[in-house]
Amino acid sequence: MSETWLVVLFVGAATIAFKAAGPVLVGRRALPPRVQSLVELLAPVMLTALVVTQTFGGGGKLSVDARVVGVAAALVALRLRAHIIVAMVVAGVATAVVRLLV
């Protein structure tokens, strides 16, 4: 088994254990409001960090290319209240058009 698959299996097992730990440790008790608000913000913050690093990161340096146009187009679509799937298609099309033209 390769090192990559070992890492994948380890991360998967750690994720399952982490998700199972919540109900086991907290049980039927409610989280304090401050902790609950932090937990609710965790997923959007992690997604934002992933999008930013994948959009602007390129080999250890700041990279501005067609991906930035795609993310900007998706943001405009979302601001105009488009469905998330529509925003993803808009981002893909915008990125493809910029790559085609450049």
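Treat the numbers as computed from the prediction; the structure is a model and nothing was measured. (Residues numbered from 1 in each chain as written. Predicted model: local features only at pLDDT ≥ 70, side-chain atom pairs only at ≥ 80, totals over all residues. Heavy atoms only, no water.)

**Some remarks on the overall build of the protein chain**
No. 1: When helices and strands are tallied, the protein chain shows 4 helices and 2 strands.
No. 2: Reading the secondary structure of the protein chain in the N-to-C direction produces α-α-β-β-α-α.
No. 3: Dimensions of the protein chain, computed from the C-alpha atoms along their principal axes, are close to 55 × 45 × 25 Å.
No. 4: Considering the protein chain as a whole, with its 102 residues, one finds that 11% of them fall into the buried category. (Helix = DSSP H or I, 4+ residues; strand = E, 2+ residues; numbered from the N terminus. Buried < 20%, exposed > 50% of the residue type's maximum accessible area, 1.4 Å probe, protein only.)

**Some words on helix α3 (residues 66–79)**
No. 1: In this model α3 runs 20 Å from its N-terminal to its C-terminal C-alpha over 14 residues, within 8% of the 20 Å that 1.5 Å per residue would give.
No. 2: For α3, the complete set of buried residues consists of Ala66, Gly70, Ala73, Ala74 and Ala77. Buried residues in α3, looked at end-on, bunch into an arc of 100°, giving them a common side. The outward face of α3, more than 90 degrees from its buried face, is lined by the exposed residues Leu75 and Arg79.
No. 3: Taken together, the buried residues of α3 touch α4 (84–101).
No. 4: Arg81 occupies a position one or two residues after α3 and carries a positive phi of about 70°. (Expected span 1.5 Å × (residues − 1). Arc of directions from axis to C-beta. Contact = heavy atoms within 4.5 Å.)

**A short note on the packing of helix α2 (residues 33–56) against α3**
No. 1: The N-to-C vectors of α2 and α3 enclose an angle of 145°; their axes lie 8 Å apart at closest approach. Between α2 and α3, the contacting residues are Val51, Gln54, Thr55 and Phe56 on the first element and Arg67, Val68 and Val71 on the second.
No. 2: For the contact of α2 with α3, the per-class residue count stands at 4 nonpolar, 2 polar and 1 charged. (Axes fitted to C-alpha atoms, helices over the stretch in contact; angles between N-to-C directions. Nonpolar A, V, L, I, M, F, W, Y, C, P; charged D, E, K, R; others polar.)

**Let's talk about the confidence of the model for the protein chain**
No. 1: When pLDDT is averaged along the protein chain, the result is 91; 100% of the residues meet or exceed 70.
No. 2: For the protein chain, strand β1 (residues 57–58) is the element with the lowest average pLDDT, namely 78, and α4 is the one with the highest, namely 97. (pLDDT = per-residue confidence, 0-100.)

**Side note on the layout of surface pockets**
By rolling a water-sized probe across the atoms, one finds the places where empty space is left.
No. 1: For the largest pocket, the calculated volume is near 400 Å³.
No. 2: Lining the largest pocket we find 20 residues, and of these Val51, Thr55, Val71, Ala74 and Leu75 sit closest to its centre.
No. 3: For the lining of the largest pocket, the secondary structure elements donating two or more residues are α2, α3 and α4.
No. 4: The element that contributes the greatest number of residues to the lining of the largest pocket is α3, accounting for 8 residues. (1 Å grid on protein atoms, 1.4 Å probe; cavity = no way out; pocket = protein on both sides within 12 Å on 5 of 7 lines; lining within 4 Å. Points joined across faces, edges and corners; volume = space filled by probe spheres on them.)

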